[in-house]
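Close look at the chain arrangement
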Amino acid sequence: MLKNVLSRLVTETGRVHRRVNRASSIQTLTACRVSARSFAEVKDEVQLPFDSSLLEVLVCPLSKKPLRYDANTNELINEELGIAYPIVDGIPNMIPQEARLIQKDTQTPSTPAE
């Protein structure tokens, strides 16, 4: 019986010691995570360039027509519908609800429908 008590005491002591070590390592990891997270919150002032080769495969999700890249506004333009899709960090946001409406440059003469 004494042998069983001593073996349990040794194993319980080992478990407590392991838990204490885990707690200190978790605190260390948390401290590292905080410092790494602070770097992630810093925003880059330079925007990533848009890969213009994507224009060969990207089309407007609404009209299925080709898009034009406007470097001044950093958007993909659908001239037919007058929609501009933003490019965020070099990635085109092709969600129609996120697009903005633009005025069409060319005025087409209106003909009455018969």
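Residues numbered from 1 in each chain as written. Predicted model: local features only at pLDDT ≥ 70, side-chain atom pairs only at ≥ 80, totals over all residues. Heavy atoms only, no water.

The chain appears in an unreviewed UniProt entry as Protein preY, mitochondrial from Xiphophorus couchianus. Under the heading Sequence similarities (unreviewed entry), UniProt records this for the chain: "Belongs to the PREY family." Recorded in UniProt for the chain, the comment headed Subcellular location (unreviewed entry) runs: "Mitochondrion". (UniProt positions renumbered as here; feature names shortened; annotations may be inferred.)

1. Side note on the overall build of the chain
Summing up its helical and strand segments, the chain has one helix and five strands in all. Starting at the N terminus and walking to the C terminus, you meet the elements of the chain as α-β-β-β-β-β. Across the 114 residues of the chain, 18% fall into the buried class. Looking at the chain alone, contacts between residues at least 24 apart form 24% of all its contacts between residues at least 6 apart. (Helix = DSSP H or I, 4+ residues; strand = E, 2+ residues; numbered from the N terminus. Buried < 20%, exposed > 50% of the residue type's maximum accessible area, 1.4 Å probe, protein only. Contact = heavy atoms within 4.5 Å.)

2. Considering unusual backbone geometry
At Asn74, a position not held by glycine, the phi torsion is positive, near 55°. By relative accessible area, which is 12% here, Asn74 ends up buried.

3. A look at the pattern of salt bridges
Tallied over the full model, the rule gives two salt bridges. A salt bridge links Arg68 to Glu79, with the nearest nitrogen and oxygen atoms 2.4 Å apart. One end of the pair, Arg68, is in strand β1 (residues 68–70); the other, Glu79, is in the loop between β2 (75–78) and β3 (83–88), with eleven residues separating them in the sequence. Given the relative accessible area of 35%, Arg68 is considered partly exposed. For Glu79, a relative accessible area of 49% translates into the label partly exposed. Here Glu75 and Arg100 are joined by a salt bridge, their closest N and O atoms 2.8 Å apart. In this pair, Glu75 sits in strand β2 while Arg100 sits in strand β5 (residues 100–101), placing the two residues 25 residues apart along the sequence. (Salt bridge = Lys/Arg side-chain N within 4 Å of Asp/Glu carboxyl O.)

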